[in-house]
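What follows is the residue order along each chain.
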Amino acid sequence: MTNAPCDCAERIAAAYLAQHDHPAASDSVEIYQTSLMSGLIAGVYEGETTLGDLFTHGDFGLGTFDNLDGELIAFDKEAHQLRSDGSASATTNDQKTPFAVVTEFNPSVEITLDEAMDSDAIEALIDRLVPSENHFCAIRIDGDFEWVSTRTVPRQERPYKPMLEAIAEQPTFDFKESSGTMIGFRTPSYLQGVNVAGYHIHYITDQRDGGGHVLNYRVTRGTLQLSVISKLRIDLPRTSDFLDADLNPADIDEAIRQAEA
Ligand code: ZN
């Protein structure tokens, strides 16, 4: 993690933008999300949305499961559950989620990555390609990774603790020299609490034997795909847990930064 910052973000973005405009949001694609990130922070860990329902709005996205039972990653009509014991399994349509974000991924940017870049450099590249942070950006990276560091939330039982307490002992995982796929979003900062402001990325290996919520990584080669999205649809739970939750605490920004860092 001590690699000197490269100028590759600047260089790759300049080469791309010499031949293309900045990507713009498509007219038809929307982000669909169930519940709110502030709901998770408050300990609302049971949703009403099944994965079957969720995936009618798109097969690309991320989230978690009822009881905060691991990390969800979905793309190419497959979805996986990455649990805190390190296991990975295919999901079933009857599983429920208390928070998830999906879309139909139609990338308008595809860039070949042929030199090593860490997560900061990749984010700097995306920020140059899509300079306005006021729309969503859906992100996919397929590649070979020198290392990927992830964490996975641990399953909770009632009475539920707020998320910062629930994740105090969450395990982290380090994948060395692995190949896999990263799926995620850059969300506008004005949506902190509604969603996770900034970058939120999940990872799964090509072998589908591990992954999680990405903390940081270094990609050695691969493909970066992006799609800019300007529509957002949210379904709010009708459960008493949701109705009774304090969804606007004073420290929500700090809480989400701690929970999702
Ligand atoms: Zn996550």
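See above for the structure.
Residues numbered from 1 in each chain as written. Predicted model: local features only at pLDDT ≥ 70, side-chain atom pairs only at ≥ 80, totals over all residues. Heavy atoms only, no water.

1. Some words on the state of the cysteines
Inference 1: Taken as a whole and assessed by the stated rule, the structure comprises zero disulfides.
Inference 2: Cys 8 supplies the cysteine sulfur nearest to Cys 137, a cysteine that is in no disulfide, at a spacing of 18 Å.
Inference 3: Here Cys 137 falls in the buried class, since its relative accessible area comes to 0%. (Disulfide = S-S within 2.5 Å. Buried < 20%, exposed > 50% of the residue type's maximum accessible area, 1.4 Å probe, protein only.)

2. Some words on the nonpolar core
Soluble globular proteins tend to pack their nonpolar side chains together in the buried interior.
Inference 1: Counting residues in each nonpolar core, the largest one holds 32 residues, and the members touching the most others are Met 37, Ile 41 and Met 163.
Inference 2: When residues of this core are traced back to their parent elements, those giving at least two are helix H2 (37–42), strand E3 (60–64), strand E4 (71–75), strand E11 (136–151), helix H5 (163–166), strand E12 (172–187) and helix H7 (252–260).
Inference 3: Considering each element in turn, this core owes the most residues, four residues, to H7.
Inference 4: Within the second largest apolar cluster, 31 residues are counted, among which are Ile 111, Phe 145, Tyr 203 and Val 214. (Core = buried A, V, L, I, M, F, W, Y, C linked by side-chain atoms within 4.5 Å. Helix = DSSP H or I, 4+ residues; strand = E, 2+ residues; numbered from the N terminus.)

3. Thoughts on H7
Inference 1: Burial in H7 covers these residues: Ile 252, Ala 255, Ile 256, Ala 259 and Glu 260. Burial along H7 is one-sided: seen end-on, the buried residues are contained in an arc of 110 degrees. (Arc of directions from axis to C-beta.)

4. Notes on the layout of surface pockets
Inference 1: Size it by volume and the largest pocket reaches roughly 380 Å³.
Inference 2: At the level of elements, helix H4 (119–129), strand E13 (198–205), strand E14 (211–229) and H7 are the ones that each hand at least two residues to the lining of the largest pocket.
Inference 3: Among the elements that line the lining of the largest pocket, the one with the most residues is E14, at five residues.
Inference 4: Here the lining of the largest pocket is composed, by residue class, of nine nonpolar, seven polar and five charged. (1 Å grid on protein atoms, 1.4 Å probe; cavity = no way out; pocket = protein on both sides within 12 Å on 5 of 7 lines; lining within 4 Å. Points joined across faces, edges and corners; volume = space filled by probe spheres on them. Nonpolar A, V, L, I, M, F, W, Y, C, P; charged D, E, K, R; others polar.)

5. Thoughts on the sheet that holds strand E5 (residues 78–82)
Inference 1: Here we have seven strands laid out as an open sheet, ordered E6-E5-E4-E3-E8-E1-E15, and mixed in their pairing. Of all the strands in the sheet, just strand E6 (88–90) and strand E15 (232–235) have a single pairing partner and so form its edges. The average angle at which neighbouring strand axes cross in this sheet is 20 degrees, direction not considered.
Inference 2: The pairing of E5 with E6 spans three bridges and is classified as antiparallel. Within the sheet, the bridge partner assigned to His 80 lies in E6 and is Ala 90. (Pairing = 2+ DSSP bridges. Axes fitted to C-alpha atoms, helices over the stretch in contact; angles between N-to-C directions.)

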